[in-house]
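Overview (structure and organization)
Below are the chains, spelled out letter by letter.
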Amino acid sequence: MRPGAFSQSSVVVMGGHFGELPESGLPQWGPAMDYNIQTDRPAATVVFERMNPLIVPLAVTLKVCLRRLELPALQAGGPLARLLALQAELHCGDNKMEQLARANTALPADILNFQYNSLACAAALGWDCVTIEEVPLAVGSLEGETLLNRDSAGLVYRVVTDVDAVRFSERWLETVVQL
């Protein structure tokens, strides 16, 4: 409705699938599991094509998780940290995270949840444990699902390509326990 209204805004998208599955040992989730993109494909396409967002792909977010061993620190933290601890325990039970860990060898046995949005925030803030590269991509679709394809003629996006999961978890926990 207002072309250019966000031209000076920084946009971060937690989602995106490049046709490559996550690393071995992680859940081999394809584009159908990329909820943020697949729920509203036309809107996602508009964001990708017109807003040049920083992209935090689903496959990379699977490398960072909240673990049961982090609960004591959260429970000893501020009100928000305590709430996150409670929600993580409930999420773990509701989503059968122990079963997911048993089926995926790269996941810790005590996983409570993935840190999808926390990684997107860390990328937006420029945390040094997050690797961001410029990647030429074209927005496309396959069997009705929106995909991002590596394409030398495509637009160049900033994409989170890796994360140091240990450093990320340490910094995240240190930050959140204060809240």
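This report concerns the structure included in the present document. (Residues numbered from 1 in each chain as written. Predicted model: local features only at pLDDT ≥ 70, side-chain atom pairs only at ≥ 80, totals over all residues. Heavy atoms only, no water.)

**Here we look at unusual backbone geometry**
In the Ramachandran plot, Asn52 falls in the positive-phi region, its phi being about 45 degrees despite a non-glycine side chain. For Asn52, a relative accessible area of 47% gives the class partly exposed. A positive phi is found at Lys96, a non-glycine position, where the angle reads about 50 degrees. (Buried < 20%, exposed > 50% of the residue type's maximum accessible area, 1.4 Å probe, protein only.)

**Considering the pattern of salt bridges**
Using the criterion set out here, one finds eight salt bridges in the structure. We note a salt bridge from Arg68 to Glu89, for which the minimum N-O separation is 3.7 Å. On the criterion of sequence distance, the pair formed by Arg68 in the loop between strand S3 (65–67) and helix H4 (71–75) and Glu89 in helix H5 (residues 79–94) is long-range, its members being 21 residues apart. As a salt-bridge pair, Glu98 and Arg68 come within 3.8 Å of each other at their nearest N and O atoms. Here Glu98 is found in helix H6 (residues 97–103), whereas its partner Arg68 is found in the loop between S3 and H4, with 30 residues between them in sequence. Exposure remark for Arg68: the relative accessible area of 34% places this residue in the partly exposed category. One salt-bridge network, in which partners are shared between bridges, spans Glu23, Lys63 and Asp162. (Salt bridge = Lys/Arg side-chain N within 4 Å of Asp/Glu carboxyl O. Helix = DSSP H or I, 4+ residues; strand = E, 2+ residues; numbered from the N terminus.)

**Overview of the sheet that holds strand S1 (residues 12–14)**
Read from one edge of the open sheet, five strands run S1-S2-S7-S5-S6, paired in mixed fashion. At either end of the open sheet lies a strand with only one pairing partner, and these are S1 and strand S6 (145–150). On average, adjacent strands in this sheet sit at an angle of 40 degrees to one another, irrespective of strand direction. (Pairing = 2+ DSSP bridges. Axes fitted to C-alpha atoms, helices over the stretch in contact; angles between N-to-C directions.)

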